[in-house]
Every structure is written in structure tokens, then in C-alpha cells.
Amino acid sequence: GRMLQKWFLTTSGRETERGPAKPFESYTLRQTATVIKEGQLVKLKQHGIAKSWAKQYFTLKKDALYYAKNKDFTFDYKKISLLHSHIGTAEKHVHRRNCFGVLDPIEQSVHIMACDCEETMSDWVRALLRVKKALQLDPQQGLRQLREGTLPSEQDELAASAP
């Protein structure tokens, strides 16, 4: 299987919107970074006026949120930056229940995901906000955490957000 995997790594570097992908480099990073939360969600795809929803496998790590077609497709994933993003519920935008969104003002992109229930949605939003906060507190620390696997606890977060 190794030969096939190698082949995939060199051939899956197809052009993305952000220039040529460097599959090997990003694959290695993905393998080493600690997973905070993962699971299948339904993501809104927008092509002009046309909208469709597609199942995607999401993986939240210390540096960003990643998604791919399914769990085994990790070498062909897309990355959603969290550092400057706005994260929150998005039900009003899409008229679908249990949706949350990640708006990236720098990339000028909006990602909207639907969950199976409100509890799952709240869990994802809380986890995303925690990662964003860790990155904002200290971007370098965010990268260090990538290797060490520590994150501020929710207690710290609540204390910090108290007026």
C-alpha cells in the first residue's frame, strides 16, 4: 500500500484556488498535529446562486479546521483558518436548523456547516472558539501547542470572557 500512498501524495497536488497544493508538506503536518475534535458534518456548497449540501469529514486541530470528502481522504483536504475568523450560528442565513458558520474576513470566505442536533452544533462552536482564542492569545504559542497538545480549559475561557 505504501507505493500507492506515495503515488497519491505526488499526484494529488492538483491546483487549488490558493495556488498549487504541496501535498506532502501539508500531509505531514496533518499527521503530526493533535486532533481536538473530528466528525462528519454537512457543508454548504455555493456556486453562484446554486446551493447544495454535501457531507464532509471535519478535523479541528490546533492551527485550523480541516475538511475532506471522508476520513480516508486526508491527503486531499481543505483548510479553514480560524485566527481572524468570526464563528457563530448561521441558521438565519440558510434557514436550516443547527447550522454554524466560520467567516474569514481575510480570505473573504464563508463556510456554513449543518449538524444533526443543537448539542453537536454547540460543541463545535465552543471548540472552534477555544482554538481561535488560543491562537489569538499568542500565535507562536498556537504553533507550539500543535506539537505539545495543550489547550486552555473551558474554565479559563469562561473566566476570561467574564466582564
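Computed from a predicted structure; not experimentally measured.

Asks: Just checking my understanding: could you explain unusual backbone geometry for this structure?
Replies: Leave glycine aside and you will find that most residues have negative phi; peptide bonds, for their part, are mostly trans. Phi at His 95 takes a positive value of approximately 55°, unusual for a residue other than glycine. Along the chain, His 95 turns up in the loop between helix H3 (91-94) and strand E8 (99-104). Its relative accessible area of 74% is what places His 95 among the exposed residues. A positive phi angle, near 55°, is found at Asn 98, a position not held by glycine.

Asks: It is not clear to me how the environment of Glu 118 should be interpreted in this structure. Could you clarify?
Replies: With respect to the helices and strands, Glu 118 occurs in helix H4 (residues 118-137). Take Glu 118: its relative accessible area is 52%, and that puts it in the exposed class. For the pair Glu 118 and Arg 97, spaced 21 residues apart in the sequence, the C-alpha separation amounts to 8.0 Å.

Asks: Would you mind showing me how to read the sheet that holds strand E5 (residues 64-68) here?
Replies: Two pairing modes exist for strands in a sheet, parallel and antiparallel, and in both the strands are linked by backbone hydrogen bonds. Read from one edge to the other, the open sheet built from 7 strands follows the order E6-E5-E4-E3-E9-E8-E7, with strand pairing classed as antiparallel. On the outer flanks of this sheet lie strand E6 (78-81) and strand E7 (86-89), each paired with one strand and no other. Between one strand axis and the next, the sheet turns by 35° as a mean value, whatever way the strands run. Pairing geometry for E5 and E6, over 4 bridges, is antiparallel. Counterpart to Tyr 66 in the pairing with E6 is Lys 79. Running over the sheet, H4 touches strand E3 (35-47), strand E4 (50-61), E5, E7 and E8 and is turned about 105° from E3.

Asks: Teacher, can you tell me more about the pattern of salt bridges here?
Replies: Note on pairing: side chains with opposite charge can pair once their charged atoms come close. Inspection of the entire model under this criterion finds 2 salt bridges. A salt bridge links Asp 63 to Lys 79; the nearest nitrogen and oxygen atoms lie 3.8 Å apart. One end of the pair, Asp 63, is in the loop between E4 and E5; the other, Lys 79, is in strand E6, and 16 residues separate them in sequence. Close ionic contact of Arg 126 with Asp 123 constitutes a salt bridge, the shortest N to O distance being 2.8 Å. Residue Arg 126 and its partner Asp 123 are both found in helix H4; the two are separated by 3 residues, about one turn of the helix. The class for Arg 126 is partly exposed, based on a relative accessible area of 37%. For Asp 123, a relative accessible area of 28% puts it in the partly exposed group.

Asks: I tried to follow the nonpolar core on my own but got confused; where do I start?
Replies: As a rule of thumb, nonpolar side chains are buried together in soluble globular proteins. Of all hydrophobic cores here, the largest spans 19 residues; its most connected members are Leu 60, Leu 65, Leu 82, Phe 100, Trp 124 and Leu 128. Those elements that provide at least two residues to this core are E4, E5, E8 and H4. Per-element tally for this core: the top contributor is H4, with 7 residues. Beyond its immediate stretch of four places on either side in the chain, Phe 100 contacts Leu 41, Gly 88, Thr 89, Ala 90, His 111, Ile 112, Met 113, Cys 115, Met 121, Trp 124, Val 125 and Leu 128. Formed by 7 residues, the second largest nonpolar core is a distinct cluster that contains Val 42, Leu 44, Cys 99 and Ile 112.

Asks: I keep staring at the pairing of strand E9 (residues 109-114) and nothing clicks. Help me out?
Replies: Regular strands have side chains that alternate between both faces of the sheet. With respect to burial, E9 is a largely interior element, 5 of its 6 residues being buried. Two strands pair when backbone bridges link them, and E3 and E9 are joined in this way by 2 bridges, in the antiparallel orientation. Across the sheet, residue Lys 43 finds its bridge partner in E9, namely Met 113. In this sheet, E9 lies alongside E8 in antiparallel orientation, the contact comprising 6 bridges. Across the sheet, residue Leu 103 finds its bridge partner in E9, namely Val 110. Linkage of E8 to E9, two consecutive antiparallel strands, is achieved through a turn of 4 residues, within which Gln 108 is found at a positive phi near 55°.

Rules used in this analysis
- Residues numbered from 1 in each chain as written.
- Predicted model: local features only at pLDDT ≥ 70, side-chain atom pairs only at ≥ 80, totals over all residues.
- Heavy atoms only, no water.
- Helix = DSSP H or I, 4+ residues; strand = E, 2+ residues; numbered from the N terminus.
- Buried < 20%, exposed > 50% of the residue type's maximum accessible area, 1.4 Å probe, protein only.
- Pairing = 2+ DSSP bridges.
- Axes fitted to C-alpha atoms, helices over the stretch in contact; angles between N-to-C directions.
- Contact = heavy atoms within 4.5 Å.
- Salt bridge = Lys/Arg side-chain N within 4 Å of Asp/Glu carboxyl O.
- Core = buried A, V, L, I, M, F, W, Y, C linked by side-chain atoms within 4.5 Å.

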